[in-house]
Each structure stands twice: as structure tokens, then as C-alpha cells.
Amino acid sequence: MAKGLAHPEIVSLSAGFADQESLPAETMRQAWEAVWSDGRSARAALQYGTTIGLPALREAILHRFADQEKRTTAELGASSDRIVITAGSNQFLYLVGEVLLDPGDIVLCGAPSYYVYLGMLGYQGARAIGVACDRDGLVPEAVEERLAALAASGQLGRVKMIYVTSYFDNPAGTTLSAPRRAALVDIAQRWSRAGKIYILEDIAYRELRYWGDEVPSIRAMDPGGETVILTGSFSKSFSPGLRVGWGLLPRRLLDPVLSAKGHIDFGSPNLNQALMAAVMERGLYASHLERLRARYREKLEAMLEAADRHLAPLGTVSWERPTGGLYVWLRMPEGLDTGPGKPLFEYAADRGVLYVPGEFAYPAAGPESPKNRLRLSFGAPSCDDIRRGVAALAGAVVEVSR
Ligand SMILES: Cc1ncc(COP(=O)(O)O)c(C=O)c1O
């Protein structure tokens, strides 16, 4: 970030920011006008809300979830009184940790995983242990092996959660396959012997699908909703500046989470929730998403084409082709360290491009972190900058391999 700020001409393919041009300024104006159309709704939005969040927004989230699953809320065992609105899904992740984790407790995470969450777990005194992932996401057999090893060393009771970004993972771009979703629920339930093991399903990127069919969530495979904690966000699909995220909780976690949240903030900003509810109730969210998906699809195509053009000929760089999300996850030549301060990172910055070193995304425990991975994001830069950035990265790989 420091380099990017010092050299504004540098193309940042690093941060997972939103496409600036697509941010819904006009949609928000309409939502604002709707809330301000009468004094009562405007004043209600300016008042304190409740800790759990605005009923209209929780209802809208519930029904969108049920629509995506093509199931009724009853079939899903979901209701709006189990949905908590938070300041971004990060706050929800934090609250769940606050409630479930004691120092030294264990959360199984993909290797790689969302690195902000790994940092949060460290901050909360928990241990993130990595589990192998492949092109279909987290490998259930690896989860089971890890649980067996922890049981053998008397630590099964310390395992509190399995964290999964189930759609278009950050950073790997992978989507957990349907059979693996069912397998994970089964594993979490079977291994909840020494204490309950939850699955924490993070669907931050679910709405950003550019190709292929919708896949049911892990939560949909847990109809009682007592094993899977689900969290979503409007940051990637609408506006990160609004800071509106949410979680759907197992019954027994609802009161503890609300208690923690009540002590922290009395509820997330009510005005932002009222605006987001107006956006959803008026059908403005769906039309925004359609435009946004088209825009990101174009950017992802630009990145994949640039990779085919500049990186594929090197013969030593490989990647999977994501069908949604904001990231392309690259494997550099064996032995080439992508870390900060290492020659590739410096050469790339000198040539005008920034990326996220893959090593940030690996839990300290678990499979050894490969040093040759890196994440590119196509969310914020223009298509031209994406092409320039990928070409610059290819130039840096050639330079460093000399
Ligand atoms: C996987 C994942 N989960 C959650 C978040 C948090 O987003 P927010 O707190 O803005 O909802 C992000 C943001 O990048 C993410 O990548």
C-alpha cells in the first residue's frame, strides 16, 4: 500500500477493492429519496436501531437467501430472528470468535485462506491450522485427517470451527464442490464428540458469479441450521463503504452474539441499514448486480486474456480460471519466492505493478506454505491497467529468472 501511495502510476492488482465506476451512487440517491420521502421514515433511520438490526433488512436478506437456494425458509430452518446485521461481515466474524474462542482454541482453515481472518484469529488468541485445498476447494479427507490427528493428541476439544469461503474463494478463486459441501457438514457433525464443531461459511463473493450455475450453500445442507454459521456481506456486491454485513446463526449462538454486539455497539449504523433495505425492497439491488456482474466479467476476461498472452508463453506460470469473485491465484515457477522484499516483488513494483504475496494467506500451522503463489485482483483497476499490470508482472518474472 505504501508503494502504491508513493507511486500513483503503479497499477495495483493487490487490494480487493470494488470497481470505482460501478459503485451505486445513483442507486443510493434513489434509496435516499425513498427513505426521505416522508419525515417519519427519515427520522426512524436517524434514531438508534436494535442490536440485531433492522427487521426489514433482515427479512430482505432472508428471502434473498431462500430464493438463491430455491427453497422455502421453513425448509432451510432459517428465520429473520436468527439474522444479525453487522458492520461488514468482518464484524460478524469477529463476534463469532469473541463468543466461541478461548485462547489456544483451534479453527481449521483452508491453506490458503482469507488473510484478514487469519490475522483476526491470531488477535483473538486462537490457532488457525491449515488444511489442504485443491481446485474444488477445501479437501474433506484432509479435514478429517487433521481432526483424527488432533483427537490422537488429545486436542479435539479445542477445535471450535472449520472456516470456509465457499464461493470464489479469497485468494484461490475456487468454489467448493457440491459433494464436498455435504461431506463437510457430515464431518463436523461426526467429529463433534469432545465439543461442538461449527462450520463458519463465508459467502462474501456468492453474488459475484459470472459463469455457470448457482450451487447450494453449505448452510442449505444443514437444514436445522445448528452446525453451520453463515455470513454474507453487501461489500462486494454493492458498496464496501456502507459497511453492511450479516450472519445467520444457530439458535444457541444467537443470544451470546447479540450480547457481545450489544456491549460493543448497540447495533450497526441504522441509517445505512435503512438505505440498504430500501435498495432491496425496490428491486434496485438485483438491477445493480446485473450491471456489476457484466462489468466484472469483462475485467476477469481481460485478466485471463492478458495472462494467456503474457504469462502462458513463459511456460512456468500456471493458474485456474475462476468463474466469479475478484481474484486470480497464480503459481509462479518452483523456487521463485513472491514474498514482500523479495526480488520478484521489487522488480514487479519497479515495472509498475503490485500483487498480494501468497504467503500471507497460509495459516502458520498445517501444510507448509508454498512461497511461489500470488494473488491478483481485477476489481478496482481498469481493463487497460489490468493488461498493463499483467504484462509488467510477466516482465518481472523474466527478469528475476535470468
Ligand atoms: C472472504 C472474505 N470475507 C469477508 C470479507 C469482509 O468484508 P466486509 O467486512 O467488507 O463485509 C472479505 C473482504 O475482503 C473477504 O474477502
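Here, every reference points to the structure presented above.
Residues numbered from 1 in each chain as written. Predicted model: local features only at pLDDT ≥ 70, side-chain atom pairs only at ≥ 80, totals over all residues. Heavy atoms only, no water.

Caption draft 1: The overall build of the chain, seen in detail. Along the chain, the regular secondary structure elements total 14 helices and 14 strands. Taken over C-alpha atoms, the radius of gyration comes to 21 Å for the chain, in line with the 21 Å a tight globule of 402 residues would show. Once the C-alpha set of the chain is aligned to its principal axes, its extents read approximately 65 × 60 × 35 Å. Looking at the chain residue by residue over its 402 residues, the buried ones come to 56%. Long-range pairs, those at least 24 residues apart, make up 76% of the contacts in the chain with a sequence separation of at least 6. (Helix = DSSP H or I, 4+ residues; strand = E, 2+ residues; numbered from the N terminus. Rg over C-alpha atoms; globule rule 2.2 N^0.38 Å. Buried < 20%, exposed > 50% of the residue type's maximum accessible area, 1.4 Å probe, protein only. Contact = heavy atoms within 4.5 Å.)

Caption draft 2: A look at the pattern of salt bridges. Across all of its chains, the model carries 24 salt bridges by this definition. Two residues, Arg29 and Glu33, come together in a salt bridge whose shortest N-O distance is 2.6 Å. Of the two residues, Arg29 and Glu33 both sit in helix 2 (residues 25–35), four residues apart, roughly one turn of that helix. Given the relative accessible area of 45%, Glu33 is considered partly exposed. Lys160 is the salt-bridge partner of Asp105, the closest N and O atoms lying 2.6 Å from each other. A residue pair is termed long-range when its members are at least 10 positions apart, and Asp105 in the loop between helix 6 (88–100) and strand 3 (106–111) and Lys160 in strand 6 (residues 159–165) qualify at 55 residues. The exposure classification of Asp105 matches that of Lys160, with both residues buried. (Salt bridge = Lys/Arg side-chain N within 4 Å of Asp/Glu carboxyl O.)

Caption draft 3: Quick look at the nonpolar core. Core analysis: the biggest nonpolar cluster contains 81 residues, and Phe234 and Met276 have the highest contact counts within it. A per-element tally of this core places helix 12 (residues 284–311) first, with 12 residues. Contact partners of Phe234, with chain neighbours within four places excluded, come to Leu57, Ile61, Ser239, Val244, Trp246, Met276, Met280 and Tyr285. In terms of nonpolar packing, the next biggest core, distinct from the first, is built from 28 residues, Ile52, Val107, Cys109 and Met120 among them. (Core = buried A, V, L, I, M, F, W, Y, C linked by side-chain atoms within 4.5 Å.)

Caption draft 4: Layout of the environment of Ser259. The residue Ser259 is located in helix 10 (residues 251–265) in this model. For Ser259, a relative accessible area of 38% puts it in the partly exposed group. Remark: the alpha-carbon pair of Ser259 and Ile52, spanning 207 residues in sequence, is separated by 9.8 Å.

Caption draft 5: Examining the packing of aromatic side chains more closely. Taken as a whole and judged by the stated rule, the model has 13 aromatic pairs. Plain terms: the ring middles of Tyr205 and Tyr327 are 5.5 Å apart, the flat faces sit at 75° to each other, and that makes the pair edge-to-face. In this pair, Tyr205 sits in the loop between strand 7 (198–202) and strand 8 (228–233) while Tyr327 sits in strand 11 (residues 327–331), placing the two residues 122 residues apart along the sequence. In terms of burial, Tyr205 and Tyr327 fall into one category: buried. Just above the ring of Tyr167 sits the side chain of Arg181; from NZ or CZ to the centre is 4.5 Å. (Phe/Tyr/Trp six-rings, centres within 6.5 Å; stacked < 30°, edge-to-face > 60°. Lys NZ or Arg CZ within 6 Å of the ring centre and 35° of its normal.)

Caption draft 6: Representation of the site of the ligand within the structure. Taken together, 14 residues sit near the ligand, with Asp202, Tyr205, Ser233, Ser235 and Arg243 positioned nearest. Between the ligand and the protein, one listed contact pairs an oxygen atom with a side-chain N or O atom of Tyr205 at 2.6 Å. Residue Ser235 places a side-chain N or O atom 2.6 Å away from an oxygen atom belonging to the ligand. Protein burial of the ligand: of its 400 Å² of free accessible surface, 93% is covered by the chains. For the shell around the ligand, the secondary-structure elements that each account for two or more residues are helix 6 and strand 6. (Near = heavy atom within 4 Å. Polar contact = N/O pair within 3.5 Å; in protein donor to acceptor, adjacent residues only side chain to side chain. Areas by Shrake-Rupley, 256 points an atom, 1.4 Å probe, with all protein chains shown as cover.)

Caption draft 7: Spatial organisation of the packing of helix 6 against helix 7 (residues 115–123). The geometry of helix 6 relative to helix 7 is characterised by a closest axis approach of 10 Å and an angle of 35° between their N-to-C directions. Viewed along their axes, helix 6 and helix 7 form a crossing whose handedness is right-handed. Contacts from Asn90, Leu93 and Tyr94 in helix 6 reach Val116, Tyr117, Met120 and Tyr123 in helix 7. Of the residues that constitute the contact of helix 6 with helix 7, the class distribution is six nonpolar, one polar and no charged. (Axes fitted to C-alpha atoms, helices over the stretch in contact; angles between N-to-C directions. Left-handed = near helix turned anticlockwise from the far one by under 90°. Nonpolar A, V, L, I, M, F, W, Y, C, P; charged D, E, K, R; others polar.)

Caption draft 8: Summary view of the state of the cysteines. With the rule as written, the count across this model stands at zero disulfides. Left unpaired, Cys109 is separated from the closest cysteine sulfur, that of Cys133, by 9.6 Å. (Disulfide = S-S within 2.5 Å.)

Caption draft 9: Here's a closer look at the sheet that holds strand 3. The eight strands lie next to each other as 2-9-8-7-6-3-4-5, forming an open sheet whose pairing is mixed. Looking at the sheet topology across the chains shown, the edges are occupied by strand 2 (83–86) and strand 5 (137–138). With five bridges connecting them, strand 6 and strand 7 associate as parallel partners. Opposite Val164, over in strand 7, you have Glu201 as the bridge partner. Strand contacts of helix 6: strand 2, strand 6, strand 7, strand 8 and strand 9 (245–248), with the helix running at about 155° to strand 8, the strand carrying the most contacts. Across the sheet, helix 8 (residues 140–152) touches strand 3, strand 4 (127–134), strand 5 and strand 6, and the angle it forms with strand 4 is around 145°. (Pairing = 2+ DSSP bridges.)

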